[in-house]
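The residues making up each chain are set out below.
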Amino acid sequence: MKTGAIIQARMSSERLPGKVLKELPYGSGISSLEQIVYRLQQVESIHDVIIATSTNEEDKAIVDMADSKGIHVYTGSLNNVLERFTIAARTFHFDHVVRITGDCPCIDPVIIEETIQKHLQDEADFTTTGALKRTFPVGMDAAVIKMQALEEAYQNADNEYEKEHVTPYIYKSHPEKFKIVSVEASEELADPILRVTMDTPEDYLLLCSIYDALYSKNQSFGLREILTLLEHKPWLRKINEKSQHKKIHSSLESELNEVIEYCEKQDLKRARSFIANKLRDNNSIRS
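From a predicted model like this one, the values you see are computed outputs, not experimental measurements.

Q: Kindly report on the packing of helix α3 (residues 81-91) against helix α5 (residues 147-156), identifying the contributing residues and their values.
A: It is the contact of α3 with α5, at a shortest axis distance of 10 Å, that shows an interaxial angle of 140°. In terms of orientation, α3 lies oblique with respect to α5. Here the hand of the crossing between α3 and α5 comes out left-handed. In contact with L82, E83, F85, T86, I87, A89 and R90 of α3, α5 contributes M147, L150, E151, A153, Y154 and Q155.

Q: So, the pairing of strand β6 (residues 143-146): which residues are in play, and what are the values?
A: Across four bridges, the pairing between strand β4 (residues 96-101) and β6 is antiparallel. Looking across to β6, one finds that V97 is bridged to I145. Strand direction decides the pairing type here: strand β5 (residues 126-128) and β6, joined by three bridges, are antiparallel. Note on β6: the bridge partner recorded for T127 is V144.

Q: Any details on helix α4 (residues 109-121)? Residues and values, ideally.
A: End to end, α4 covers 18 Å across 13 residues, agreeing with the expected 18 Å (1.5 Å per residue, within 8%). Turning to α4, its buried residues number three or more, namely P109, I111, I112, E113, T115, I116 and H119. Of the surrounding secondary structure, the elements contacted by the buried residues of α4 are β1 (3-8), α1 (32-41), β4, β5, β6 and α9 (223-232). The N-capping residue of α4, defined by a side-chain oxygen 2.9 Å from the backbone nitrogen of V110, is D108.

Q: Please set out the packing of helix α8 (residues 201-214) against α9 residue by residue, giving values where relevant.
A: Put simply, α8 and α9 touch, their axes get as near as 11 Å, and they point 100° apart. Judged on the interaxial angle alone, α9 and α8 are roughly perpendicular. Taking contact as the criterion, the partners of I210, A213 and L214 in α8 are, on α9, E225, I226 and L229. Classifying every residue of the contact of α8 with α9 gives five nonpolar, no polar and one charged.

Q: Tell me what's going on with the packing of aromatic side chains, and back it up with residues and numbers.
A: Remark: the centre distance and the inter-plane angle together describe each pair of aromatic rings, the angle taken between the planes. Throughout the structure, instances matching the rule amount to five aromatic pairs. Ring geometry for F126 and Y171: centres 5.8 Å apart, planes at 5°, overall stacked. Of this pair, F126 sits in strand β5 while Y171 sits in helix α7 (residues 168-173), placing them 45 residues apart in sequence. Take F126: its relative accessible area is 1%, and that puts it in the buried class. Summarising the aromatic geometry, the rings of Y169 and F178 are spaced 6.3 Å apart at their centres and angled 75° between planes, so their arrangement reads as edge-to-face. Residue classification places Y169 among the buried residues on the basis of a relative accessible area of 2%. Looking at R39, its charged tip hangs above the ring of F221, at a distance of 4.4 Å from the centre.

Q: Kindly report on the nonpolar core, identifying the contributing residues and their values.
A: Counting 28 residues, the largest nonpolar core has C106, M140, V196, I210, F221 and I226 as its most contacted members. Elements with a minimum of two residues in this core: α8 and α9. Here this core gets eight residues from one element, more than from any other, and that element is α8. Non-local contacts of V196, meaning those with residues more than four positions away in its chain, are made with C106, P137, V138, G139, M140, L207, I210 and I226.

Q: Mind laying out α1, listing which residues take part and the relevant values?
A: The buried fraction of α1 is high, at eight of ten residues. Considered for burial, the residues of α1 that qualify are S32, L33, E34, Q35, I36, V37, R39 and L40.

Each value, and the rule that gives it
- Residues numbered from 1 in each chain as written.
- Predicted model: local features only at pLDDT ≥ 70, side-chain atom pairs only at ≥ 80, totals over all residues.
- Heavy atoms only, no water.
- Axes fitted to C-alpha atoms, helices over the stretch in contact; angles between N-to-C directions.
- Helix = DSSP H or I, 4+ residues; strand = E, 2+ residues; numbered from the N terminus.
- Parallel < 35°, antiparallel > 145°, perpendicular 65-115°, else oblique.
- Left-handed = near helix turned anticlockwise from the far one by under 90°.
- Contact = heavy atoms within 4.5 Å.
- Pairing = 2+ DSSP bridges.
- Expected span 1.5 Å × (residues − 1).
- Buried < 20%, exposed > 50% of the residue type's maximum accessible area, 1.4 Å probe, protein only.
- Polar contact = N/O pair within 3.5 Å; in protein donor to acceptor, adjacent residues only side chain to side chain.
- Nonpolar A, V, L, I, M, F, W, Y, C, P; charged D, E, K, R; others polar.
- Phe/Tyr/Trp six-rings, centres within 6.5 Å; stacked < 30°, edge-to-face > 60°.
- Lys NZ or Arg CZ within 6 Å of the ring centre and 35° of its normal.
- Core = buried A, V, L, I, M, F, W, Y, C linked by side-chain atoms within 4.5 Å.

Structure follows, in structure tokens:
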């Protein structure tokens, strides 16, 4: 039985272009993506680590970096990430796949190992640390997928959002078809508001601060060390506290409700009222 990790990575981030190749620690010459690879290589149950990027010209920088470091890389569709992910897993003959996104340079090897073991012990199809209920910080997200479940999703997914994000077919569209397990953080590690991901410039500033403080002492520092640092220096949390995590939406109504929530947070009362009225009118027409 072969368990592999696949990191989804691309250069074309809207909020922080080229984020996967930004340096961590700053000035070290080591990219954020390399740090994710290194952390996954510390997980005993993972046999191989793959970067799955696209065939787009701008993503050639990722391929070049991976080739120069001896990291396995697969290139495929930019937008159909489910296809890219599945064919990468097939190519390297994985039986179970650990899915990591390229914006998680603080991913904790201990949490990944525990998630894999839970997945195998429970004979699950899909095991997640955050898709069903968020208890870990954003940026500690991982999923373990049985290859048969991944193949079923690939063969049957027909909605765009199911193809763009790999796992929604399993846990959103058809949870009744699969054995799904949720891994929750222990009380001392639970911090669902904290962002240790890299999606905005503010996120990158916080990550630089974390790496500056912890990396020289322990290159594999984990969530416990991060939370201890933030307990001693609570002002660091303010760096990216206004950044918002992107959510997966399966309908226009869901997206509009997200916009309404944003308007409330930003005190955009007129915009919120306008969108809410339009949404209410649309629902009245349909009913």
